[in-house]
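Take a look at the letters that make up each chain.
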Amino acid sequence: MQVPARFDYEVASTVEEAIELLRRHGPEARLLAGGHSLIPMMKLRLASPEVVIDIHELDDELRYIQDDGGTLRIGALARHRDILESPLIRERYTILTDAEPTIADPLVRNMGTIGGALSHADPAEDLPAAFVALGCEVVVRGPDGERTIAIDDLYVGPYETTIEPGEIMTEVRVPRAPQASAYSKVERKAGDYASAALGVALHMSGGTIEDVRIGMGGVGSTTLRARRAEEVLKGERPGEELYRRAGEAAAGECDPIEDARGTPPYKRDLVRVLMGRAMEKAVERTA
Amino acid sequence: MRIEISVNQQPLVAEVEPRLLLVHFIRDVLGLTGTHWGCDTSNCGACTVHLDGEPVKSCTVLAVRANGHEVTTIEGISAGADLSPLQEGFRAEHGLQCGFCTPGMIMTGTAFLKNTPNPSEAEIRTAISGNLCRCTGYENIVKAVRYAAEKSREEVSA
């Protein structure tokens, strides 16, 4: 039987109260949102926080998905399920509609939150890769007020972000909707973490790729952005040969480890294939 | 910590350790052993219960998290001795072999049918993708869900 180590339990009823509790209890306190990453880690004693600050009562403040003059704003406590059910996301951010059904299962998606998925910083998690492609920024609040962190500056290592221990993520913002986007993933079985996954978000102009961002999951010690592959694609006309070259570049940019999901050469090969699949899907959606 | 929870529409008060998981609270404290404790890793779904009407895996929820909320277990699904349409479906379509996954399947299926009264086979299979049947008896589980959907629609139109 897996049982977490003893901890003290606090419930925050406002964001301000959560920040105050974080300040009072110091770095050994952890925020608990949906709990579907933290509780399993606590059961395995991979995490043993002295204090757990439950923030599920912040739904009123932090559970929303809205369009704010072209900027997508997702509250940190929006559930995976909310993303799947949002007409706004389905219409303009198909990369998220592609990724979500592959994340765990419907029961986990009822509990798991967007803020949790992004701040947990599991390099194999899907949403970080999708949001890297979307070029989002995350909003965090702490004792010194609010600040935003570009997603490119968020991840520094496995399970490690630039969010300070006293801060809480409140929102994810995508300043500009892509013209089209897509997410492709290879998983061993339904709901598994990615063996490799790749998301693209792009803008076309007169038949050429004007701008593109690519996020990769499961193929490095953090979520990765495939910058060299983006350069290969920019300014070019879409096509199989171009995708092959971009896939080659992306395969060179990742650094997968060997585990039950495959060897590094296998995962690099997946990246080559996924580049073609995701690009094809995204370009098709620009039509 | 003192918690107040409604379980199967019965309000109750209990004193629990914060680290106690909801599945153990339900089984060991309340003695409601219809909720099964399976993989302990949020994979198998045998421990599925409803938290405020939504299916969740109770091995990955703290009992204190349910403070002030409503929990429904398999014991709260039927109306007295009358089986729910989905329970009846499991019986009619032989939807269980060893029966270990059944309570979780029924909790997931019940919530699913409420939101999706006329599901396709693919939708049913996606809905139960977080509930594993070790006997691999999925065919009849899918049939049981479909039976319940049809039965509920007949009742509505009757």
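Below is a short write-up of the structure. (Residues numbered from 1 in each chain as written. Chains lettered and ligands numbered in written order. Predicted model: local features only at pLDDT ≥ 70, side-chain atom pairs only at ≥ 80, totals over all residues.)

Here we look at the overall build of chain B
Check the secondary structure of chain B and you find five helices and five strands. In sequence order, the secondary structure elements of chain B are arranged as β-β-α-β-β-β-α-α-α-α. Computed over its C-alpha atoms, the radius of gyration of chain B comes to 16 Å, within 12% of the 15 Å expected for a compact globule of 158 residues. By its C-alpha atoms, chain B is 45 × 35 × 25 Å across when sized along the principal axes. Residue pairs in contact within chain B that sit at least 24 positions apart in sequence constitute 62% of those at least 6 positions apart. (Helix = DSSP H or I, 4+ residues; strand = E, 2+ residues; numbered from the N terminus. Rg over C-alpha atoms; globule rule 2.2 N^0.38 Å. Contact = placed C-beta atoms within 7 Å.)

Concerning the nonpolar core
Residue and element names in this part refer to chain A. With 137 residues, the main nonpolar core has Ile95, Ala130, Val200, Met216, Ala250, Val271 and Met275 as its most contacted residues. No other element matches the eight residues that helix H12 (residues 264–286) contributes to this core. Setting aside residues up to four positions removed in sequence, Ile95 forms contacts with Ala130, Ala133, Leu134, Ser181, Ala182, Tyr183, Gly199 and Ala201. (Core = buried A, V, L, I, M, F, W, Y, C linked by C-beta atoms within 7 Å. Buried ≥ 20, exposed ≤ 12 C-beta atoms within 10 Å, placed from the backbone.)

Some details on the interface of chain B and chain A
Often, the extent of an interface is quoted as the loss of accessible area on bringing the components together. Taken together, the contacts link 20 residues of chain B with 23 residues of chain A. Along the lines of polarity and charge, the residues of the side of chain B that touches chain A split into seven nonpolar, eight polar and five charged. (Nonpolar A, V, L, I, M, F, W, Y, C, P; charged D, E, K, R; others polar.)

Description of the sheet that holds strand S4 (residues 65–68) of chain A
Residue and element names in this part refer to chain A. Across the sheet, which stays open at both edges, the five strands sit in the order S4-S5-S10-S6-S7 with antiparallel pairing between neighbours. Two strands lie at the open edges of the sheet, namely S4 and strand S7 (145–150), each paired on one side alone. Within the sheet, the average angular offset between the axes of one strand and its neighbour, ignoring direction, is 25°. In terms of strand pairing, strand S6 (residues 137–142) meets strand S10 (residues 168–174) through five bridges, oriented antiparallel. (Pairing = 2+ DSSP bridges. Axes fitted to C-alpha atoms, helices over the stretch in contact; angles between N-to-C directions.)

Some points on the packing of helix H2 (residues 85–92) of chain B against helix H5 (residues 138–157) of chain B
All names here are of chain B. Where H2 meets H5, the axes come as close as 8 Å, and the angle between the chain directions of the two elements is 130°. One finds that H2 runs oblique with respect to H5. As for the relative orientation of H2 and H5, their crossing is right-handed in sense. Residues Pro85, Leu86, Glu88, Gly89, Phe90 and Ala92 of H2 lie in contact with H5, whose contacting residues are Ala144, Val145, Tyr147, Ala148, Lys151 and Ser152. A per-class count over the contact of H2 with H5 returns eight nonpolar, two polar and two charged. (Parallel < 35°, antiparallel > 145°, perpendicular 65-115°, else oblique. Left-handed = near helix turned anticlockwise from the far one by under 90°.)

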